[in-house]
Amino acid sequence: GQCSLYCPSGAITEIDHTEKLEVIMKTKKKLVIVGIAPSARLSLAEIFKLTPGSLTTGQCAHLLRLLGFNRVFDVQFTADLTIMEEGTELLHRIDDPNSILPMFTSCCPGWVNLVEKQYQNIIPHLSSCRSPQQMFGSIIKNYYAKKINIDPKDIFCVTVMPCTAKKKELLREQFRNPETGLRDVDLCLTVREVGRMVAKRGIEFSELEDREFDNPLGFSTGSAHLFAGSGGVMEAAVRSAYWLKFGEDFPALQYNAVRGLKGIKEAVLDFDGRQLRLAVVSGGKNIHKFLETWGTSSFNYDFIEIMACPGGCIGGGGQPRSNLDIVPIRLKSVYQREQKMTSRSSHDNPYVKKLYQDWLKKPYGEKAMMYLHTTYAPFKFKSNLIKEVKKHEEINKG
Ligand code: SF4
């Protein structure tokens, strides 16, 4: 069925995919794997009428097990991976005098869609990194499947997201294996849909003890958790780009200049004598306002994070409540949880390190380019179709 909802990213209807998933689970022919997005673990608490973030990570893992998933992984693992790739890409772009700056983040499909439709000359400026959702699917089907000796066609890969635009992102042709024809991610559920599954199964909050995520895609750092809110990708990228460049940790882990809910945030970072100009923007109106000077000499930045929803994914259209007064509460919870995590920087994730050792070799290397990066193209408006629809409308009116 369909239900209408408010979606800041512009996707105005949400197709309910839970029934399709139930059928796959019941037939037991496929290994059903799930990965949960950074912001989704906060808002899972809201489906039990609790304050955002009051379920522990372990309780979220348990909830997904109770729903019947065979492997419970974490999209935060691939958020760490995104940072290794994006931080390295940023350094390449800074060091190469012929490369294109500023670089824009590309992990928000709402923003990527906007570029391909409305700001097409930004396309070469988008980071080529796939989003954490798409890196997740790619690692599952191309690496994990081999590791556990199973045909990727026998895997059904699901993500839990704050976002309706993520449902369309997984359908992009770039994210289908050209040899097997398989999609990297098979299905994306919003937190709302997970809420409906929980209600249907009658799962109670009191049943939720702490359980671990499965590995190797279950461990993540504070940086990955920061992806949930506006400024988080920037903060995480700065931490790791600094380490990649200088071999030591960024002096102040907490980078306040890019935190908080202001729609447009700016900062200047001293990078070994070079002043890197950073900007962080979230929400449709702010994006258009920020880009008003795009292409003129007064638009002067090196690295820009853009998220389509106000406040980032914590304000996403697939979250259980879409009124914006909940967003500051979710953000507070992001910062609190991040501080408590044992590792804070993506480059410290031991499983990410192992993935590079075993398979990818090095960030931004040949294999990484093949499996973790992507391409963009100007959106082709079907102008004839639009004309035809209008003609029909007029005839019908007449
Ligand atoms: Fe989706 Fe997050 Fe982008 Fe909103 S900000 S469209 S929730 S990825």
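Residues numbered from 1 in each chain as written. Predicted model: local features only at pLDDT ≥ 70, side-chain atom pairs only at ≥ 80, totals over all residues. Heavy atoms only, no water.

A. Geometry of the overall build of the protein chain. In terms of regular secondary structure, the protein chain is built from 15 helices and 10 strands. Since a compact globule built from 398 residues should have a radius of gyration of about 21 Å, the 21 Å found for the protein chain is in line with a globular shape. Principal axes of the C-alpha set define a box for the protein chain whose edges measure 65 × 60 × 45 Å. By residue count, 57% of the 398 residues in the protein chain fall in the buried class. Partitioning the contacts of the protein chain with sequence separation of at least 6, the portion at a separation of at least 24 is 76%. Working note: accessible area of the protein chain is about 17,600 Å², and carbon and sulfur atoms make up 53% of it. (Helix = DSSP H or I, 4+ residues; strand = E, 2+ residues; numbered from the N terminus. Rg over C-alpha atoms; globule rule 2.2 N^0.38 Å. Buried < 20%, exposed > 50% of the residue type's maximum accessible area, 1.4 Å probe, protein only. Contact = heavy atoms within 4.5 Å. Areas by Shrake-Rupley, 256 points an atom, 1.4 Å probe, with all protein chains shown as cover.)

B. Broad picture of the pairing of strand E8 (residues 264-271). Relative to strand E9 (residues 274-282), E8 runs antiparallel, the two sharing eight bridges. Note on E9: the bridge partner recorded for Phe271 is Arg274. Counting the residues that bridge the hairpin from E8 to E9 gives two residues, and of these Asp272 lies at a positive phi of roughly 55°. (Pairing = 2+ DSSP bridges.)

C. Here's a closer look at the nonpolar core. Counting residues in hydrophobic clusters, the biggest one holds 63 residues, and the most contacted among them are Leu21, Phe69, Leu81, Ile140 and Val158. With residues near it in sequence (within four places) discarded, Leu21 still touches Val32, Phe69, Phe156, Val158, Leu187, Leu189 and Met197. Grouped together as the second largest cluster of nonpolar side chains are 50 residues, Ala267, Val280, Ile287 and Tyr376 included. (Core = buried A, V, L, I, M, F, W, Y, C linked by side-chain atoms within 4.5 Å.)

D. Spotlight on the pattern of salt bridges. Applying the stated criterion across every chain, the model contains 24 salt bridges. Asp184 is paired through a salt bridge with Arg130; the nearest N and O atoms lie 3.3 Å apart. Here the residue Asp184 occupies a position in the loop between helix H7 (165-169) and strand E7 (187-190), and Arg130 occupies one in the loop between helix H5 (109-118) and helix H6 (132-147), the gap between them amounting to 54 residues. As far as the burial class goes, Asp184 and Arg130 line up, both buried. Lys167 is the salt-bridge partner of Glu193, the closest N and O atoms lying 2.8 Å from each other. Of the two residues, Glu193 is situated in helix H8 (residues 191-201) and Lys167 in helix H7; the sequence distance between them amounts to 26 residues. Sharing partners across several salt bridges, the network here consists of Glu235, Arg239, Arg259, Glu338 and Arg344. (Salt bridge = Lys/Arg side-chain N within 4 Å of Asp/Glu carboxyl O.)

E. A look at the sheet that holds strand E4 (residues 71-74). Across the sheet, four strands lie side by side as E4-E3-E6-E7; this open sheet has parallel pairing. Of all the strands in the sheet, just E4 and E7 have a single pairing partner and so form its edges. Averaged over neighbouring strand pairs, the angle between their axes works out to 25° when direction is ignored. With four bridges connecting them, strand E3 (residues 31-36) and E4 associate as parallel partners. Note on E4: the bridge partner recorded for Gly35 is Phe73. Of the strands in this sheet, E3, E4 and strand E6 (155-161) are in contact with helix H4 (residues 75-95), which crosses E4 at around 35°. H6 rests against E3, E4, E6 and E7 of the sheet, and its axis sits at about 155° to E6. (Axes fitted to C-alpha atoms, helices over the stretch in contact; angles between N-to-C directions.)

F. Quick look at H6. At Ile140, H6 shows its strongest bend, of approximately 40°. Among the 16 residues that make up H6, 14 are buried, leaving the element largely enclosed by the rest of the structure. The first or second residue beyond H6 is Asn149, which carries a positive phi of 60°. (Bend = angle between axes of the 7 residues up to and from the residue.)

G. Structural context of the packing of helix H1 (residues 18-27) against H8. Orientation of H1 relative to H8, taken along the N-to-C sense of each, is 55°, at an axis distance of 10 Å. Relative to H8, H1 is oriented oblique. As for the relative orientation of H1 and H8, their crossing is right-handed in sense. Residue-level inspection shows Thr18, Leu21, Glu22 and Met25 of H1 in contact with H8, the latter providing Glu193, Met197, Lys200 and Arg201. (Parallel < 35°, antiparallel > 145°, perpendicular 65-115°, else oblique. Left-handed = near helix turned anticlockwise from the far one by under 90°.)

H. View of the packing of aromatic side chains. Scanning the entire structure with this criterion turns up 17 aromatic pairs. When the centroid spacing of 5.2 Å and the interplanar angle of 90° are considered together, the rings of Trp294 and Phe299 count as edge-to-face. For the pair formed by Trp294 and Phe299, the shared burial category is buried. Above the ring of Phe379, the side-chain terminus of Lys117 is found at 4.7 Å from the ring centroid. The ring centre of Tyr335 lies 4.2 Å from the NZ or CZ of Arg259, which sits over that ring. (Phe/Tyr/Trp six-rings, centres within 6.5 Å; stacked < 30°, edge-to-face > 60°. Lys NZ or Arg CZ within 6 Å of the ring centre and 35° of its normal.)

I. How the structure looks around the confidence of the model for the protein chain. A residue-level look at the protein chain finds 93% of positions with pLDDT of 70 or above and a mean pLDDT of 93. In this model residues 1-6 is a low-confidence stretch, pLDDT under 50, and it forms 18 contacts with partners more than four residues away in sequence or in other chains. (pLDDT = per-residue confidence, 0-100.)

J. Looking closely at the sheet that holds strand E5 (residues 103-104). If you trace the four strands from one edge of the open sheet to the other, you get E5-E10-E9-E8, paired in mixed fashion. The sheet terminates laterally at E5 and E8, the two strands that pair on one side only. Judged from the five bridges that link them, E9 and strand E10 (residues 303-307) form a sheet pairing that is parallel. Bridge assignment links Val280 to a residue of E10, and that residue is Glu305. Against the sheet, helix H10 (residues 232-246) makes contact with E8, E9 and E10, and its axis sits at roughly 150° relative to E10, the strand it touches most.

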